[in-house]
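Structural overview
Below are the chains, spelled out letter by letter.
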Amino acid sequence: MPSAEELDATDPLRAKRQQFHLPPGTIYLDGNSLGPMPLAARERAREVVEQQWAADLITSWNQHAWIDLPETVGEKIAPLLGAGPGQVICCDSISVNLFKLLAAALRLNPGRNRILSQQDNFPTDLYVSQGLSQLLGHENCELVTVAKNEIESALGEDIAVLLLTQVNFRSGYAHDIQRMTELAHAKGILVVWDLAHSAGVMPLELDRWNVDFAVGCGYKYLNGGPGAPAFLYAAKTHQGELHQPIAGWMGHQNPFAFDSEYQASGDIKQFLAGTPPILSMSVLDAALSVYSDIAIDDVREKSLGLADFFALRVAQAPELSSLKLASPLDHDQRGGQLAYEHDHAYAICQALIAEGVIADFRSPNILRFGFSPLYLSYQDIAVATARLGKILATEQFLQPEFNRKNKVT
Ligand SMILES: Cc1ncc(COP(=O)(O)O)c(C=O)c1O
Ligand SMILES: Nc1c(O)cccc1C(=O)C[C@H](N)C(=O)O
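Because the structure is a prediction, the values reported are computed rather than measured.

Section: the site of ligand 2
Looking at ligand 2, the residues that line it are Ser33, Phe169, Ala196 and Val408. Among the residues forming the shell around ligand 2, the class breakdown is three nonpolar, one polar and no charged.

A closer look at the site of ligand 1
Neighbouring ligand 1 are 13 residues; Ser93, Ile94, Ser95, Phe122 and Ala196 lie closest to it. Elements with a contribution of two residues or more to the shell around ligand 1: helix H5 (94-108) and helix H6 (123-136).

Concerning the sheet that holds strand E7 (residues 159-165)
Hydrogen bonding along the main chain pairs the strands of a sheet, whether they run parallel or antiparallel. Across the sheet, seven strands lie side by side as E4-E10-E9-E8-E7-E5-E6; this open sheet has mixed pairing. What marks the edges here is a single partner per strand, and that holds for strand E4 (88-90) and strand E6 (142-146). Pairwise comparison of adjacent strand axes, ignoring direction, gives a mean angle of 20° for this sheet. As judged from the three bridges shared by E4 and strand E10 (residues 231-234), these two strands associate in the antiparallel manner. If you follow Cys90 over to E10, its bridge partner there is Phe231. Of the strands in this sheet, strand E5 (114-118), E6, E7 and strand E8 (190-194) are in contact with H6, which crosses E6 at around 150°.

Some thoughts on the domain arrangement of the chain
Along its sequence, the chain is organised into domain 1 (4-30 + 295-403) and domain 2 (45-291). With centres defined by C-alpha atoms, the gap from domain 1 to domain 2 works out at 30 Å. Counting residues at the interface gives 21 residues for domain 1, matched by 14 residues for domain 2. Here the element with the most residues in the side of domain 1 that touches domain 2 is helix H11 (residues 296-316); it accounts for five residues.

Regarding the UniProt feature "binding site: pyridoxal 5'-phosphate" (unreviewed entry) in the chain
In this structure's numbering, the residues bearing the UniProt feature "binding site: pyridoxal 5'-phosphate" (unreviewed entry) are Ile94, Ser95, Phe122, Pro123, Thr124, Asp125, Thr165, Asp194, His197, Tyr219, Trp249 and Thr275. Over a stretch of 182 residues, the named residues are scattered through the fold, their C-alpha atoms separated by up to 30.7 Å. Summarising the element assignment, Trp249 is placed in the loop between helix H9 (236-239) and helix H10 (278-287). Following the sequence through the fold, Thr275 ends up in the loop between H9 and H10. On the neighbour-count criterion, Thr275 (13 C-beta atoms within 10 Å) is partly exposed.

Quick word on the sheet that holds strand E14 (residues 360-362)
The strand order across the open sheet built from four strands is E11-E12-E15-E14, with neighbouring strands paired in antiparallel fashion. Since the sheet does not close on itself, it has two edges, and those belong to strand E11 (324-325) and E14, each with one partner. Across five bridges, strand E12 (residues 337-341) lies against strand E15 (residues 366-370) in antiparallel orientation. Bridging from a neighbouring strand, Ala339 pairs with Arg368 of E15.

Some words on the UniProt feature "modified residue: N6-(pyridoxal phosphate)lysine" (unreviewed entry) in the chain
In the UniProt entry, the feature "modified residue: N6-(pyridoxal phosphate)lysine" (unreviewed entry) is given for Lys220. Mapped onto the fold, Lys220 is located in the loop between strand E9 (213-216) and E10. Residue Lys220 is classed as buried on the basis of its 25 C-beta neighbours within 10 Å. Non-local contacts of Lys220, meaning those with residues more than four positions away in its chain, are made with Gly31, Asn32, Ser33, Leu34, Gly35, Ala196 and His197.

Digging into the nonpolar core
With 113 residues, the main nonpolar core has Leu81, Leu102 and Val161 as its most contacted residues. The greatest single-element share of this core, amounting to nine residues, is contributed by H5. When residues of this core are assigned to domains, at least three map to each of domain 1 (4-30 + 295-403) and domain 2 (45-291). Beyond its immediate stretch of four places on either side in the chain, Leu102 contacts Ile115, Val128, Ser129, Leu132, Val161, Leu163 and Val192.

A short note on unusual backbone geometry
Residues other than glycine predominantly adopt negative phi, and peptide bonds predominantly adopt the trans conformation. Here the residue pair Ser363 and Pro364 is connected by a cis peptide bond, since its omega of 5° sits within 30 degrees of zero. Relative to the assigned elements, Pro364 resides in the loop between E14 and E15. One non-glycine residue with positive phi stands out, namely Glu395, at about 55°. Locating Glu395 in the fold gives a position in the segment after helix H13 (378-394).

Details of H5
In a regular helix each residue adds 1.5 Å, so 15 residues correspond to 21 Å; H5 covers 20 Å between its end C-alpha atoms and thus fits that length. Burial runs high along H5: eleven of the 15 residues are buried. Inspection of H5 places Ile94, Asn97, Leu98, Phe99, Lys100, Leu101, Leu102, Ala103, Ala104, Ala105 and Leu106 among the buried residues, and these make up the whole buried set. Among the structural elements, E5, H6, E7, E8, E9 and E10 are those in contact with the buried residues of H5.

Definitions and limits used
- Residues numbered from 1 in each chain as written.
- Chains lettered and ligands numbered in written order.
- Predicted model: local features only at pLDDT ≥ 70, side-chain atom pairs only at ≥ 80, totals over all residues.
- Near = placed C-beta within 6 Å.
- Nonpolar A, V, L, I, M, F, W, Y, C, P; charged D, E, K, R; others polar.
- Helix = DSSP H or I, 4+ residues; strand = E, 2+ residues; numbered from the N terminus.
- Pairing = 2+ DSSP bridges.
- Axes fitted to C-alpha atoms, helices over the stretch in contact; angles between N-to-C directions.
- Contact = placed C-beta atoms within 7 Å.
- Domains from an automatic or database assignment.
- UniProt positions renumbered as here; feature names shortened; annotations may be inferred.
- Buried ≥ 20, exposed ≤ 12 C-beta atoms within 10 Å, placed from the backbone.
- Core = buried A, V, L, I, M, F, W, Y, C linked by C-beta atoms within 7 Å.
- Expected span 1.5 Å × (residues − 1).

The structure is reproduced here in structure tokens:
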């Protein structure tokens, strides 16, 4: 295995780090939960607040094209998803976008009432489905969940929609979108993919894979900042026949006609509801510029490389033998993160943060490391695993200060 220094020397993305603000002395292995700040994001935040809002006031809707931002940002995200023009829009949160899409997809598939999902999917995907079921009644919407290895056999003709997250938030297991979509379509099932842990770190080909619908978030690998708006993909083929239930004025075909009757826009804008959050959407727009001159295949290759390097060092260190890998090592089956099980995962994570290595904990016993390759080096990984080794060898994590539970983990 080449050394960390050798791997860094041939890394085609090594210069990207300069486009981020990273607190000195911090190794950030949590970009899969909240990406760090691109310098362009800070600059844009200043410009939007001090110039566009403070000085140009309401004229900015036209002068600075605020009104077009949901589409502009959607079009910037589209190439990362393998989506042609007019199919991606930036708006709301994943939760809200799922509500809109699931309701629309159920109507597209009359005579079937079931949403099939995975038991350990991210909870919001399940909660939104449960909420929709309460609203529409069980006879019109019923959530069915199964274990990962039972999904294929559950794809029956009673299922209207298959709702899956490509990369599992805990284990990092990655579904084969193309294959699952094909299997679902063969049974007349529409698919909704949650790309929260994929967009910006995995190469995606939504058009080529004939995906119907997808959602994803702006604040993880896309580095759009805390609470950055999400995105939604709806394949062009469906856009003419959809009815999404949050019929707000921004989704109207002519919002500034102020008609009293709702007429949905015939294109992707039909998924807009209310006024876009201009401050955070502008920041996401600027953050996306980081991707303008790099290939997503290079991003994926380096993300896998960093994770492999991490996993190898953990496997070779006797002091780390109590960490149990809970992610697949096969490249075809994993996203941009690795999960390890340990009875003291929470406290180890807190001790690591105190040592300048930020990872996160997922209940009940998972220590999760994200490998976002735009600002991480192989030398960072070498330092992170050495600090992890020290914490486990000295049992530093047993100190009471590392065992106090925080509200947000
Ligand atoms: C897979 C997945 N889906 C959805 C969400 C939540 O999305 P939002 O907060 O935008 O509704 C998250 C994380 O927050 C997630 O990991
Ligand atoms: N959205 C988050 C938040 O508002 C606070 C803390 C964490 C998050 C997350 O994004 C969690 C993330 N989806 C996860 O995979 O765990």
